[in-house]
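Structure at a glance
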Amino acid sequence: MSAAQDIAAWLRLTLPPGIGGETQRKLLAAFGSPEAIFSAGRSDLRALIGNKADLLLDFSPDEAVEASIAWAEKPGQHIITLGDAYYPPALLEIPDPPSVLYVRGNLDLLAQRGIAVVGSRNATPQGIRTAESFAQALAAQGLSIISGLALGIDAAAHRGALAAQGTTLAVIGTGADRLYPARNKELALSIIEHGAILSEFPLGTLALAHNFPRRNRIISGLARGVLVVEAATESGSLITARLAGEQGREVFAIPGSIHSPVARGCHQLIKQGAKLVETAKDILEEL
């Protein structure tokens, strides 16, 4: 079987609506590979996943599969699967790794040891400077900086890594062919050149709100620890921190003023056992 045929089988498994990660993993555990899944009879699939077998077998993804393979044939664009040698080893440790990743950039960097730096989109100027300086110091020590390409702390973290001429990975909540938000397009292109952008979502996927909490498990899963710089008490950054704890990753938080709304999430994490950090050295000593 050619590489394109192998990828096509993985795409046939992951593209049908209603066939989520849990169903995909159940099928892969039972049959071993996408090819074996589609070689099985409808009755065998129904016995395992019920009526979802019809969703899987009756979906016609040929056009999307062809477009995705054509996209991945362009320089610097890749589709990697759970069975691929380039699949990030850190993601194999989490309970719900994505079956397929769409990547723009350098695949060799996906295995590099990293730390996630996340925080508020509505960051303070001080928070921006803090995220940049921490990311720059950590990247200078060889850690890949992982974040979500959002405005605020995420963008500052990526910029800090680039300033250190280090590696940075951006996990996005849209298709890899869409760079969101538009204000970070130039930053995204720099990340592609000096690191990689990753997405589990099919090409063309728009910036839907429910996709972003889902992508947070990949941000934490890729990392050995998560640093929260600024966060409100109800924020995606706290979701990332919670997922990190569930995945066995270290959680770090930077304290702030008791009067600042974007410090309260960090203080909440510290009360729950996150490590209070004041310098990048505090993180390096733990990792």
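Up top you'll find the structure we're talking about.
Residues numbered from 1 in each chain as written. Predicted model: local features only at pLDDT ≥ 70, side-chain atom pairs only at ≥ 80, totals over all residues. Heavy atoms only, no water.

1. Things to note about the pattern of salt bridges
One pass over the full model with this rule turns up 11 salt bridges. Residue glutamate 93 is joined to arginine 224 by a salt bridge in which the shortest nitrogen-to-oxygen separation is 3.0 Å. In this pair, glutamate 93 is assigned in the loop between strand E1 (77–81) and strand E2 (100–105) and arginine 224 in the loop between helix H10 (211–222) and strand E7 (225–228), connecting sequence segments 131 residues apart. On the basis of relative accessible area, glutamate 93 is assigned to the partly exposed category, the value being 44%. One salt bridge in this structure joins arginine 217 and glutamate 200, with 2.7 Å as the shortest N-O distance. (Salt bridge = Lys/Arg side-chain N within 4 Å of Asp/Glu carboxyl O. Helix = DSSP H or I, 4+ residues; strand = E, 2+ residues; numbered from the N terminus. Buried < 20%, exposed > 50% of the residue type's maximum accessible area, 1.4 Å probe, protein only.)

2. Digging into the side chain of threonine 240
Note that threonine 240 resides in helix H11 (residues 236–246). Among the residues examined, threonine 240 registers a relative accessible area of 2% and is labelled buried. Sequence-distant contacts of threonine 240, that is, excluding residues within four places in its chain, are made with Val118, Asn216, Ile219, Ser220 and Val226. (Contact = heavy atoms within 4.5 Å.)

3. Concerning the layout of surface pockets
Quantified by volume, the largest pocket comes out at close to 450 Å³. Lining the largest pocket are 26 residues, with Thr14, Ile19, Gln24, Pro202 and Arg214 positioned closest to its centre. When contributions to the lining of the largest pocket are tallied by element, the ones reaching two or more residues are helix H2 (21–31), E2 and H10. For the lining of the largest pocket, the leading source of residues is H2, giving 4 residues. Partitioning the lining of the largest pocket into residue classes produces 13 nonpolar, 7 polar and 6 charged. (1 Å grid on protein atoms, 1.4 Å probe; cavity = no way out; pocket = protein on both sides within 12 Å on 5 of 7 lines; lining within 4 Å. Points joined across faces, edges and corners; volume = space filled by probe spheres on them. Nonpolar A, V, L, I, M, F, W, Y, C, P; charged D, E, K, R; others polar.)

4. Here we look at the pairing of strand E6 (residues 196–199)
Burial along E6 is two-sided: Ala196 and Leu198 facing one way and Ile197 and Ser199 facing the other are all buried. Bridge analysis of E2 against E6 gives 4 bridges, and the strand direction is antiparallel. Each bridged residue has a counterpart across the sheet, and for glycine 105 the counterpart in E6 is alanine 196. Where strand E5 (residues 168–171) and E6 come together, 3 bridges link them in parallel fashion. In the strand pairing of E6, leucine 169 is matched with alanine 196. Running through helix H9 (residues 185–194), the crossover from E5 to the neighbouring parallel element E6 is right-handed. (Pairing = 2+ DSSP bridges. Right-handed = clockwise from strand over helix to strand, strands pointing away.)

5. Brief notes about helix H8 (residues 153–163)
For H8, a buried count of 8 out of 11 residues is recorded, marking the element as mostly surrounded by other parts of the structure. Within H8 the residues assigned to the buried category are Ile153, Asp154, Ala155, Ala156, Ala157, His158, Gly160 and Ala161. Contacts made by the buried residues of H8 are with strand E3 (114–118), helix H7 (125–140), strand E4 (144–147), E5, H9 and H10.

In short, geometric facts, not functional conclusions.
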